[in-house]
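If you want the building blocks of each chain, they are given just below.
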Amino acid sequence: IGKEAALAAAMSVAERMREKAQVHYRVNGDAIEFERSGAKGSIVVGDQTVLAEVTLGLLLKPMRGFIEQKIDDYFGRYFQ
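Residues numbered from 1 in each chain as written. Predicted model: local features only at pLDDT ≥ 70, side-chain atom pairs only at ≥ 80, totals over all residues. Heavy atoms only, no water.

1. A closer look at the layout of surface pockets
Stated precisely, the cut-off is as follows: In this analysis, the protein atoms alone were mapped onto a 1 Å grid. Cavities are point sets where a 1.4 Å probe fits without being able to get out; pockets are open sets with protein on both sides within 12 Å along at least five of seven lines; lining residues have an atom within 4 Å of a point. Grid points are joined across faces, edges and corners, and a volume is the space filled by probe spheres set on the points. A run of H or I in DSSP becomes a helix once it reaches four residues, and a run of E becomes a strand once it reaches two; helices and strands are each numbered from the N terminus. Any residue that is not Ala, Val, Leu, Ile, Met, Phe, Trp, Tyr, Cys, Pro, Asp, Glu, Lys or Arg is counted as polar, Gly included; the first ten are nonpolar and the last four charged.
Empty space within the largest pocket amounts to approximately 400 Å³. Every residue lining the largest pocket is counted, 19 residues in all, and those nearest its centre are Met17, Ala21, Val23, Arg36 and Ile67. For the lining of the largest pocket, the elements supplying multiple residues, two or more each, are α1 (3–21), β2 (31–36), β3 (39–45), β4 (50–56) and α2 (64–78). Across the lining of the largest pocket, the residue classes break down as 13 nonpolar, no polar and 6 charged.

Following this line, the structure appears as structure tokens:
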């Protein structure tokens, strides 16, 4: 998909995270920065790449595998 479609898909991912995990986000150029209690990160859309980076606090680290799976699910759903 093109960059504009990837940015739209990233917004859909951010909105889904807001609904399901009470994540607050803001758009900063080609990046969506997000935060919630115990976690923060970003989704950065490049010309040919989309990079998600998440930093988990101590209490959420045990859920790392589950969170990674959810990110994979969202990316699979929105970045087709």
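Moving on, there is more to tell.
2. Re the sheet that holds strand β1 (residues 24–28)
What counts here: Any two strands with at least two DSSP bridges between them are considered paired. Interaxial angles span 0 to 180 degrees and are taken between N-to-C directions of axes, which are lines fitted to C-alpha atoms, for helices over the stretch in contact. The contact definition used throughout considers only heavy atoms, calling two residues in contact when any of these lie within 4.5 Å.
Spatially, β1-β2-β3-β4 is the arrangement adopted by the 4 strands of the open sheet, whose pairing is antiparallel. Since the sheet does not close on itself, it has two edges, and those belong to β1 and β4, each with one partner. Ignoring strand direction, the axes of neighbouring strands in this sheet form an average angle of 15 degrees. On the sheet, α1 packs against β1, β2, β3 and β4 and is oriented at approximately 160 degrees with respect to β3. Strands in contact with α2 are β3 and β4; relative to β4, the strand with the most contacts, it is inclined by about 160 degrees.

3. Focus on unusual backbone geometry
As a reminder of what qualifies: Per-residue accessibility, obtained with a 1.4 Å probe over protein chains only, is compared with the maximum for each type, and a residue is labelled buried under 20%, exposed over 50%, and partly exposed between these values.
The backbone of glutamine 22 shows a phi angle near 55 degrees, a positive value even though the residue is not glycine. With relative accessibility at 52%, the residue glutamine 22 sits in the exposed group.

4. Observations concerning the side chain of serine 42
Its location among the elements puts serine 42 in strand β3. A relative accessible area of 16% means that serine 42 is categorised as buried. Other than its neighbours up to four places away in sequence, serine 42 contacts Ile32, Glu33, Phe34, Leu51, Ala52 and Glu53.

5. Some remarks on the packing of α1 against α2
Our working rule: Orientation categories follow fixed angle ranges, with anything under 35 degrees roughly parallel, anything over 145 roughly antiparallel, 65 to 115 roughly perpendicular, and all other angles oblique. Each crossing is labelled by how the near helix is turned from the far one, with a counterclockwise turn of less than a right angle marking it left-handed and a clockwise turn marking it right-handed.
Closest axis-to-axis distance for the α1/α2 pair is 10 Å, and the angle between their directions is 135 degrees. Taken together, the axes of α1 and α2 are oblique relative to one another. Both α1 and α2 take part in a crossing whose hand is right-handed. Where α1 approaches α2, its residues Ala9, Ser12, Val13, Arg16, Met17 and Lys20 are matched on the opposing element by Tyr74, Arg77 and Tyr78. Each residue belonging to the contact of α1 with α2 can be placed in one class, and the counts come to 5 nonpolar, 1 polar and 3 charged.

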